[in-house]
Amino acid sequence: MTVIAAKFSKDKKTIVIGSDSQTTRGGQKFTPEDSTQVKSKVLKLEDNYAVACAGRVSEISLFQRYCKRTKPKDATEDAIFDFMIDFKDWITNKDKKFEFMSSYIIAYKGKLFTVIYGYQVYEHLDYATGGSGQQCVNVAFALNQDVKTGIEMAIQHDLYCSGEICLIEVEV
């Protein structure tokens, strides 16, 4: 499990995106010292385009590779939905049994979106969270804290979050 979070800066000039760094598979936890399969859950693709991922590692890896090749046509819920359908088409050409099992935060052209299991796309005007530690981050955000503090709270209080804090910023 994991925690991902994104929040507009107070001056609305950037979006800060973060995650923990724990990678799990089944009942096993991996660290960078254990395996090369530990990957970042946050990926900055351009100055105004980044993704954060929570869920199945194999799907996240493919999604990040897809995002390196292409991007949404626009910064709207419909365009993000179409982008996810195109991603599914791209994957099902390789794996006919593919099903969405992950959640994403997408920051694109100054807007912030969540995508839940591929088909539920929502725009967020202040912040977005995901993963097992999202409740901890939501509490931190309700107390006017930043992304780093929210991720720290999730690492401290959610059994399935741990490791280092990964943060990136994108332009609005």
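Before any of the text, the structure's been laid out above.
Residues numbered from 1 in each chain as written. Predicted model: local features only at pLDDT ≥ 70, side-chain atom pairs only at ≥ 80, totals over all residues. Heavy atoms only, no water.

1. Observations regarding the nonpolar core
Soluble globular proteins tend to bury their nonpolar side chains together.
In step 1: Counting residues in each nonpolar core, the largest one holds 23 residues, and the members touching the most others are Val-51, Phe-63, Met-84, Phe-87, Tyr-104 and Ile-106.
In step 2: Those elements that provide at least two residues to this core are β6 (49-54), α1 (57-69), α2 (77-92), β7 (103-108) and β8 (111-116).
In step 3: Looking at this core element by element, the count peaks at 6 residues for α2.
In step 4: When near neighbours in sequence (up to four residues on either side) are disregarded, Met-84 contacts Phe-63, Phe-100, Tyr-104, Ile-106, Val-115 and Gly-118.
In step 5: Grouped together as the second largest cluster of nonpolar side chains are 15 residues, Phe-8, Ala-50, Ile-105 and Val-170 included. (Core = buried A, V, L, I, M, F, W, Y, C linked by side-chain atoms within 4.5 Å. Buried < 20%, exposed > 50% of the residue type's maximum accessible area, 1.4 Å probe, protein only. Helix = DSSP H or I, 4+ residues; strand = E, 2+ residues; numbered from the N terminus. Contact = heavy atoms within 4.5 Å.)

2. Description of the pattern of salt bridges
In step 1: Here the structure, examined in full by the defined rule, presents 4 salt bridges.
In step 2: For Asp-126, the salt bridge is made with Lys-12, and the minimal N-O distance between the two is 3.9 Å. On the criterion of sequence distance, the pair formed by Asp-126 in the loop between β9 (120-124) and β10 (127-131) and Lys-12 in the loop between β1 (3-8) and β2 (14-19) is long-range, its members being 114 residues apart.
In step 3: Taking relative accessible area as the criterion, Asp-126 reaches 37% and is therefore assigned partly exposed.
In step 4: What makes Lys-12 partly exposed here is its relative accessible area of 40%. (Salt bridge = Lys/Arg side-chain N within 4 Å of Asp/Glu carboxyl O.)

3. What to know about the side chain of Ser-162
In step 1: For Ser-162, the position within the fold is in the loop between α4 (147-157) and β11 (166-171).
In step 2: Beyond its immediate sequence surroundings of up to four residues, Ser-162 is in contact with Asp-20, Ser-21, Gln-22, Lys-29 and Ile-155.

4. Points about α1
In step 1: With 13 residues, α1 should reach 18 Å at 1.5 Å per residue; the first-to-last C-alpha distance of 19 Å fits that figure.
In step 2: Of all the positions in α1, only Glu-59, Ile-60, Phe-63, Gln-64, Tyr-66 and Cys-67 are classed as buried. One side of α1 carries all its buried residues, which in axial view fall inside an arc of 160°. Set apart from the buried face of α1 by more than 90 degrees, the exposed residues are Lys-68 and Arg-69.
In step 3: Considering only its buried residues, α1 is in contact with β5 (42-46), β6, α2 and β7. (Expected span 1.5 Å × (residues − 1). Arc of directions from axis to C-beta.)

5. A few points about the packing of helix α3 (residues 134-142) against α4
In step 1: With their axes 8 Å apart at the nearest point, α3 and α4 run at an angle of 140° to one another. With respect to α4, the axis of α3 lies oblique. In the crossing of α3 with α4, the sense of the turn from one axis to the other is right-handed. Facing α3, whose interface residues are Cys-136, Val-137, Val-139, Ala-140 and Phe-141, α4 presents Val-147, Gly-150, Ile-151, Met-153, Ala-154 and His-157.
In step 2: Among the residues making up the contact of α3 with α4, the classes are represented as 9 nonpolar, 2 polar and no charged. (Axes fitted to C-alpha atoms, helices over the stretch in contact; angles between N-to-C directions. Parallel < 35°, antiparallel > 145°, perpendicular 65-115°, else oblique. Left-handed = near helix turned anticlockwise from the far one by under 90°. Nonpolar A, V, L, I, M, F, W, Y, C, P; charged D, E, K, R; others polar.)

6. Some points on the sheet that holds β2
In step 1: If you walk across this open sheet you meet the 4 strands as β10-β1-β2-β11, and the pairing is antiparallel. Looking at the sheet topology across the chains shown, the edges are occupied by β10 and β11. Across the sheet, the mean angle from the axis of one strand to that of its neighbour is 10°, orientation sign disregarded.
In step 2: Of the strand pairs in this sheet, β2 and β11 are connected by 6 bridges, and their pairing is antiparallel. From the neighbouring strand, Val-16 faces β11, where its bridge partner is Glu-169.
In step 3: Of the strands in this sheet, β1 and β10 are in contact with α3, which crosses β10 at around 155°.
In step 4: Sheet strands touched by α4: β1, β2 and β11. Its angle to β1, the strand with the most contacts, is close to 160°. (Pairing = 2+ DSSP bridges.)

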